[in-house]
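Listed below are the residues making up each chain.
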Amino acid sequence: MPTFSLCMIVKNEAAVLGRCLDSAGTALFDEIIIADTGSDDQTKAVAAAYTDKIYDFIWKDDFAEARNFAFSKATCDYIMWLDADDVIAPKDLEQMLDFKASMPPENDPHAPDVVMMKYDTAFDENDHVTFTYYRERLIRRRGHFLWEGAVHEVITPRGRIAFLPAAVQHRKIISGDTMRNLRIYESMQKNGGILSPRHQFYYARELYSHQFYARALRQFKYFLTLKDGWSENKIDACRLASDCCLHLSQKEEALTLLFQAMRYGVPGAELCCDLGRWFYSENLLHQAVYWYEQALACPRSDTVGKFISEDCYGYIPYMWLCVCYDALGDHQKAFSCNEAAGKIKPYSAAYLWNKKYFDSVF
């Protein structure tokens, strides 16, 4: 059975580091490496309860450099990374342990070079996942993989790639420096750095997440002119740029951008829901129905690495079809769509409110 190193970079994570390491379990990892980038709380003391491999690393506004430093200290066959506010649920830990036990020896030609795992990063009021995507999570050490990117760092998968549906959950408790990533990108540009297409996309996303809609729109549009951008990022860029336009009261441009997204790939449920929302906002209910029904027909494509908004593959289109059909006077169809949404989220306040409404209609 191959051996696993856990490599982490941390700073002032005393509140969450123990939770992370407890959830990961000593059974999964053969060594734990902590690279501390300047903590002034009890982070190192917490880490010392789990490992003696704690290293100081001077922070240089470069996540890839810090992660590569941590990886350089690993001695096991495979290296796994976690952030301090990540956790592994018991069911997912069990899957990982089973996967580790079933892996061929590291020197076997069929051994994977990279294992992709789900990263669950948002949850609803009942703790069900609403946003997820696959990320490179377990890396073969002798493959000499390197992290790239000062922020939103990434290892580009190559060689034999395996997919494990077990998830790491991102469970942030305390918000840190929310402007850090944006500040790093803008410092890079100020110092003459040229952003790669991927980082141009993420720079625009940072602007969007901070509600700098006009600036984000310009950066998304610039990203869309670049030849080497990933098609899924271009689809997301069109969607987010469209939402910027809505915030800026540019409704026609918002629709144009949604249709532009189809240049880069077959629309997924997320894009179909955006189109349904746009047509509903214009009271074009039949068109809205069409796009929400298209959303229901879209297959999931998780393993391509795209961002998946779980609710767009069932709950959201059913709820909006309920609203649209009710407005069109077809109360029976509206009722049926609400019931379908309720099968997905029986605890949903919107579903329960609609259920009471239909009790008065029928």
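Right above here is the structure, for reference.
Summary of the structure given here. What you see is a predicted model; the values in this text were computed from it and never measured.

### Observations concerning the packing of helix α8 (residues 231-247) against helix α10 (residues 269-281)
Each pair of packed helices can be described by the angle between their axes along with the distance between the axes. Between α8 and α10, the shortest axis-to-axis distance is 11 Å and the interhelical angle comes to 20 degrees. With respect to each other, α8 and α10 are oriented roughly parallel. The way α8 lies across α10 gives a crossing that is left-handed. Facing α8, whose interface residues are Arg239, Asp243 and Leu246, α10 presents Glu270, Leu271, Asp274, Arg277 and Trp278. Looking at the contact of α8 with α10 residue by residue, the class counts come to three nonpolar, no polar and five charged.

### Looking at the pattern of salt bridges
Scanning the entire structure with this criterion turns up 26 salt bridges. Among the salt bridges present, the one from Asp274 reaches Arg239, with a minimum N-O distance of 2.6 Å. In this pair, Asp274 is assigned in helix α10 and Arg239 in helix α8, connecting sequence segments 35 residues apart. Relative accessible area serves as the criterion here: at 13%, Asp274 is assigned to the buried category. On the basis of relative accessible area, Arg239 is assigned to the buried category, the value being 18%. Between Lys306 and Glu270 there is a salt bridge, with the nearest N and O atoms lying 3.3 Å from each other. Here Glu270 lies in helix α10 and Lys306 lies in the loop between α11 (285-297) and β9 (308-309), a separation of 36 residues in the sequence. Just as Lys306 is buried, Glu270 falls in that class too.

### Some points on helix α5 (residues 180-190)
All of the buried residues along α5 are Asn181, Leu182, Ile184 and Tyr185. Along the axis of α5, the buried residues cluster in a sector spanning 160 degrees; they form a single face. Check the buried side of α5 and you find it contacts α3 (63-72) and α6 (197-209). Directly after α5, the chain includes Gly192, whose backbone phi takes a positive value near 90 degrees.

### Some points on the pairing of strand β2 (residues 31-36)
Most of β2 sits inside the fold, with six of its six residues counted as buried. Of the two faces of β2, the one carrying Glu31, Ile33 and Ala35 and the one carrying Ile32, Ile34 and Asp36 are both buried. In the sheet, strand β1 (residues 4-10) pairs with β2 via six bridges, with the strands oriented parallel. Looking at the pairing, Ser5 lines up with Glu31 of β2. Read as a crossover between parallel neighbours, the route from β1 over helix α1 (residues 17-24) to β2 is right-handed. With three bridges joining them, β2 and strand β3 (residues 54-56) adopt parallel strand pairing. The residue bridging Asp36 from the neighbouring strand is Asp56, located in β3.

### So, the packing of aromatic side chains
Evaluated as defined, the whole model comprises 25 aromatic pairs. Arranged with centres 6.1 Å apart and planes meeting at 70 degrees, the rings of Phe4 and Tyr78 form a pair that is edge-to-face. Of this pair, Phe4 sits in strand β1 while Tyr78 sits in strand β4 (residues 78-81); the two residues are 74 residues apart in sequence, bridging distant segments of the chain. An identical accessibility class is assigned to Phe4 and Tyr78; each is buried. Pairing Phe201 with Phe220 gives two aromatic rings, centres 6.3 Å apart and planes at 55 degrees, and the pair type is tilted. In this pair, Phe201 is assigned in helix α6 and Phe220 in helix α7 (residues 213-225), connecting sequence segments 19 residues apart. No difference in accessibility class separates Phe201 from Phe220, as the two residues are buried.

### What to know about the nonpolar core
With 110 residues, the main nonpolar core has Met8, Met80, Leu82, Met96 and Phe220 as its most contacted residues. With residues near it in sequence (within four places) discarded, Met96 still touches Leu28, Met80, Ile88, Met117, Leu164, Ala166, Ala167 and Val168.

### Structural notes on the environment of Pro346
As for its placement among the helices and strands, Pro346 is situated in the loop between α13 (331-344) and α14 (349-361). Once you skip the residues sitting within four places of it in the chain, Pro346 turns out to touch Tyr351 and Leu352.

### As for the pairing of strand β8 (residues 161-170)
Here β8 lies mainly inside the structure; seven of its ten residues are buried. Bridging between strand β5 (residues 86-87) and β8 involves two bridges; their strand directions are antiparallel. Following the sheet pairing, Asp86 is matched in β8 by His170. Of the pairings in the sheet, the one linking strand β6 (residues 114-123) to β8 comprises seven bridges and is parallel in character. Across the sheet, Tyr119 pairs through a bridge with Val168, a residue of β8.

### Concerning the environment of Pro104
Take Pro104: it is sitting in the loop between α4 (90-102) and β6. By relative accessible area, which is 23% here, Pro104 ends up partly exposed. Those residues in contact with Pro104 that sit more than four places away from it in its chain are Pro2, His110 and Ala111.

Each value, and the rule that gives it
Residues numbered from 1 in each chain as written. Predicted model: local features only at pLDDT ≥ 70, side-chain atom pairs only at ≥ 80, totals over all residues. Heavy atoms only, no water. Axes fitted to C-alpha atoms, helices over the stretch in contact; angles between N-to-C directions. Helix = DSSP H or I, 4+ residues; strand = E, 2+ residues; numbered from the N terminus. Parallel < 35°, antiparallel > 145°, perpendicular 65-115°, else oblique. Left-handed = near helix turned anticlockwise from the far one by under 90°. Contact = heavy atoms within 4.5 Å. Nonpolar A, V, L, I, M, F, W, Y, C, P; charged D, E, K, R; others polar. Salt bridge = Lys/Arg side-chain N within 4 Å of Asp/Glu carboxyl O. Buried < 20%, exposed > 50% of the residue type's maximum accessible area, 1.4 Å probe, protein only. Arc of directions from axis to C-beta. Pairing = 2+ DSSP bridges. Right-handed = clockwise from strand over helix to strand, strands pointing away. Phe/Tyr/Trp six-rings, centres within 6.5 Å; stacked < 30°, edge-to-face > 60°. Core = buried A, V, L, I, M, F, W, Y, C linked by side-chain atoms within 4.5 Å.

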